[in-house]
Amino acid sequence: MAGAFWCVVEDDRQGMPKKVMAEALGEAGRLSGGNVEAVWLTDKASEAGIKQLGEWGAKKVLLLENAAFAPYRGEVWAPALAELAGKESPKAIFGPVTSRQRELLARVAARLGVGLCADAVAFAMEGDALVGTRPVYAGKLISKVSWAKTPWVATLRPNVFRPAEAQAGKTAEVEKPTVTIPAAKMKFLERREEAATGLPELTEAEIVISGGRGMKGPENYVILEDMGKVIGAAVGASRAAVDAGWRPHRFQIGQTGRTISPKLYLGFGVSGAIQHLAGMRTSKVIVAVNKDPEAPIFKIADYGIVGDLFEVVPALTQEFKKLLEK
Amino acid sequence: MKILVAIKQVPDTATQVKIAGDAKSIETAGITWIVSPYDEFAVEEALRIKEKRGQGEVVAVTLGPDRAKEALRSCLAMGADRAIHVNDPALANADTLTTARALAAVIKQEQPGLVLVGRQAIDDDMGAVGAQLAEVLDWPCAYWIMEETIDADGKTVKAARQVEGGLEVFDVPLPAVLAAQKGLNEPRYPTLKGIMGAKKKEIKDVKAGDLGLGSDAPQLSITKLEALPPRPPGRIVEGDVATAVKELVRSLREDAKAI
């Protein structure tokens, strides 16, 4: 519908929207007074997935279901989504910051000739105009941005926006529009899965544990993983630890790694170099454990323990276990 | 094969940034400028492709004010053959789309077989120019690549892009845009010979008019830069390990409600 706020669905490739969609739909709903539609490009949707989007506040699900949409390829997705936007005239197109949507929404904005606000952490309506807020310069400053025209295209940093609460019984109308689906240029060869850690994905986790140079070696990360299993946390690392070869790069938190914004961040042996802070300073609660009382991370930590992480970590894991078993 | 690398000059991460009087930009005095780290991965990869194939040309291009020439000079010192500097006050407020259009115009003139970019510049962190460039050119693009191999006849690049939970590998027909992720390579340091040689290499100045660009207003504008709101003061939890840990867990549960 013209004037609606669109949320482009990120799914788990098994037919269910990811929980970051509750955040996008929640924010779009607040800004638009509930005029929210989910746009779902996928090779495999599901009834349960559509129901979930409805409960999160989507009035309508625009479903483009086609085998050509898997895996994501920009040259297939962007023209399809842009064509639909041209027909429907949404007021905004939002999506979570994920590997594919950061590319997709940039391409769609280019195709539509409109502005893109990537990695937004807040929005506000000023009169009839949307203002986006996003961190810049390694998170040292905050930038407010505005668009010259609609649709306002933006990607939303995960874990920052208040998720929509699922309302049982609320349903979305399903529409299956017809759009041109371009032929893929890129030929998919294979997907190489990372070794499963049994822990949540870094950018999606509500709790993140991070180990820095103070971990002393790759063999010691097992104590952080043990804690991760107890509290359901992802385990990341600082650049120092990644550059030392202790952890693969995909676990790096910071400016040249992943940007995270969990409810709780626990840093062990992390000094808090600017480039690390750039990737985690929007975390809600920050805990730091470091031997050095002068470590810069204590300046932004909500709680700190000055001490030896090899004593603190096992004790903390035990204490978490006691708490969560209650 | 001609390879074009689009780079950006950005403040060094460790540099203090201060908001300028217009409240929309930063004070440029006293800033240490560098080539954005992801762009260095892109330059390095271009040089490796040229070395591996034993022939070709690496062209560095940037859009920016006079000072951005230094960044191009760094790329030339690393080994790029020549550089193009899109330097025009009319593009001072360029958003990602304007930048992509300007770069696309350069690419149309240069006709490279491959374009490499960094996954994002570390100043405004938009991470959009590579994707928008591909869109404007109607080329395929692989974002956040961790490895690439070009086939012998230069028609296809096999690229592995980083996604949640793994890598996805594609055969990408050339010409294409590849956006470098950390882990792709380890950028070289310029040698003294490289630095000396860079002074003799060509940096071509280009104006918006040379590229047939109009003076479109940017689609996205910065209306205000603000300092980060300060975090509430933190607290060091004192005591021996057992006491501190107990108190920390209690605080996280009862005060911060974080677990």
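Given the structure is predicted, the values throughout are model-derived calculations rather than measurements.

Visitor: Looking at this structure, how should I read the interface of chain A and chain B?
Guide: Interface extent is often summarised as the accessible area lost during association of the parts. Taken together, the 73 residues of chain A in the interface contact 69 residues of chain B. Sort the elements by how many residues they give to the side of chain A that touches chain B and helix H4 (residues 99-112) of chain A lands first, with eight residues. Split into classes, the residues belonging to the side of chain A that touches chain B amount to 37 nonpolar, 14 polar and 22 charged.

Visitor: Could you clarify how one ought to interpret the domain arrangement of chain B in this entry?
Guide: Its domain assignment divides chain B into domain 1 (2-211) and domain 2 (229-259). Summarising the inter-unit geometry, the C-alpha centres of domain 1 of chain B and domain 2 of chain B are found 44 Å apart.

Visitor: Explain helix H3 (residues 96-110) of chain B here, please?
Guide: Every α-helix carries 3.6 residues per turn, so stepping three or four residues along brings you back to the same face. All names here are of chain B. With 15 residues, H3 extends 21 Å from end C-alpha to end C-alpha; this agrees with the ideal 21 Å at 1.5 Å per step. Taken across its 15 residues, H3 has eleven buried, putting it largely inside the fold. Listing the buried residues of H3 in full gives Thr96, Leu97, Thr98, Thr99, Ala100, Arg101, Ala102, Leu103, Ala104, Val106 and Ile107. Just beyond H3, the residue with positive phi is Gln111, at close to 55°.

Visitor: Mind showing me how you'd approach the nonpolar core here?
Guide: One broad rule of soluble globular proteins: the nonpolar side chains tend to lie buried together. Membership of the largest hydrophobic core comes to 195 residues, with the highest contact counts inside it found for Val5 and Cys75 of chain B. For this core, the element with the most residues is helix H3 (residues 74-88) of chain A, which contributes eight residues. Sequence-distant contacts of Val5 of chain B, that is, excluding residues within four places in its chain, are made with Ala42, Val43, Ala46, Val58, Ala60, Cys75, Ala80 and Leu116 of chain B.

Visitor: Would you mind going over the domain arrangement of chain A with me for this structure?
Guide: Residues and elements named next belong to chain A. For chain A, the domain assignment lists domain 1 (5-175) and domain 2 (207-325). Measuring from the centre of the C-alpha atoms in domain 1 to the corresponding centre in domain 2 gives 31 Å. Across the boundary between the two partners, domain 1 contributes eight residues, which contact eleven residues of domain 2.

Visitor: So what exactly am I meant to see when it comes to the packing of H3 of chain B against helix H4 (residues 129-137) of chain B here?
Guide: Between two packed helices, the angle of one axis relative to the other and the distance separating the axes together describe the packing. Residue and element names in this part refer to chain B. Direction vectors running N to C along H3 and H4 enclose 55°, while the axes themselves pass 8 Å from each other. With respect to H4, the axis of H3 lies oblique. Two packed elements cross with a definite hand, and for H3 against H4 that hand is right-handed. Contact with H3, carried on its side by Thr96, Leu97, Thr99, Ala100, Arg101, Leu103, Ala104 and Ile107, involves Val129, Gln132, Leu133, Val136 and Leu137 of H4 and no other residues of that element. Its residues assigned to classes, the contact of H3 with H4 shows nine nonpolar, three polar and one charged.

Visitor: Quick question: what am I supposed to make of the pairing of strand S14 (residues 264-268) of chain A here?
Guide: Residues in a regular strand project their side chains so that they alternate between the two faces of the sheet. All names here are of chain A. The buried count for S14 comes to five of five residues, which makes it a mostly enclosed element. Side chains Leu264, Leu266 and Phe268 of S14 all project onto a buried face; the interleaved residues Tyr265 and Gly267 project onto the opposite face, where all are buried too. The pairing of strand S12 (residues 207-211) with S14 spans five bridges and is classified as parallel. Looking at the pairing, Val208 lines up with Tyr265 of S14. Two elements, S14 and strand S15 (residues 285-290), share five bridges in a ladder whose sense is parallel. If you follow Tyr265 over to S15, its bridge partner there is Ile286.

Visitor: In this structure, what is going on with H4 of chain A? I would like to understand it.
Guide: All names here are of chain A. In this model H4 runs 21 Å from its N-terminal to its C-terminal C-alpha over 14 residues, within 8% of the 20 Å that 1.5 Å per residue would give. For H4, the buried fraction is high: twelve of the 14 residues fall into the buried class. If you check which residues of H4 are buried, you get Arg100, Gln101, Arg102, Glu103, Leu104, Leu105, Ala106, Arg107, Val108, Ala109, Ala110 and Leu112. Trailing H4 by a residue or two, Gly113 shows a phi angle of about 70°, which is positive.

Visitor: In this structure, what is going on with unusual backbone geometry? I would like to understand it.
Guide: Negative phi characterises most residues that are not glycine, and trans characterises most peptide bonds. The omega torsion across Ala70 of chain A and Pro71 of chain A is -10°, close enough to zero to call that bond cis. By secondary structure assignment, the location of Pro71 of chain A is in the loop between strand S3 (60-65) and H3. Between Leu174 of chain B and the following residue, Pro175 of chain B, the backbone shows a cis peptide bond with an omega angle of 5°. By the secondary structure assignment, Pro175 of chain B is in the loop between strand S9 (166-173) and strand S10 (177-180).

Here is what the cut-offs are and how they apply
Residues numbered from 1 in each chain as written. Chains lettered and ligands numbered in written order. Predicted model: local features only at pLDDT ≥ 70, side-chain atom pairs only at ≥ 80, totals over all residues. Contact = placed C-beta atoms within 7 Å. Helix = DSSP H or I, 4+ residues; strand = E, 2+ residues; numbered from the N terminus. Nonpolar A, V, L, I, M, F, W, Y, C, P; charged D, E, K, R; others polar. Domains from an automatic or database assignment. Expected span 1.5 Å × (residues − 1). Buried ≥ 20, exposed ≤ 12 C-beta atoms within 10 Å, placed from the backbone. Core = buried A, V, L, I, M, F, W, Y, C linked by C-beta atoms within 7 Å. Axes fitted to C-alpha atoms, helices over the stretch in contact; angles between N-to-C directions. Parallel < 35°, antiparallel > 145°, perpendicular 65-115°, else oblique. Left-handed = near helix turned anticlockwise from the far one by under 90°. Pairing = 2+ DSSP bridges.

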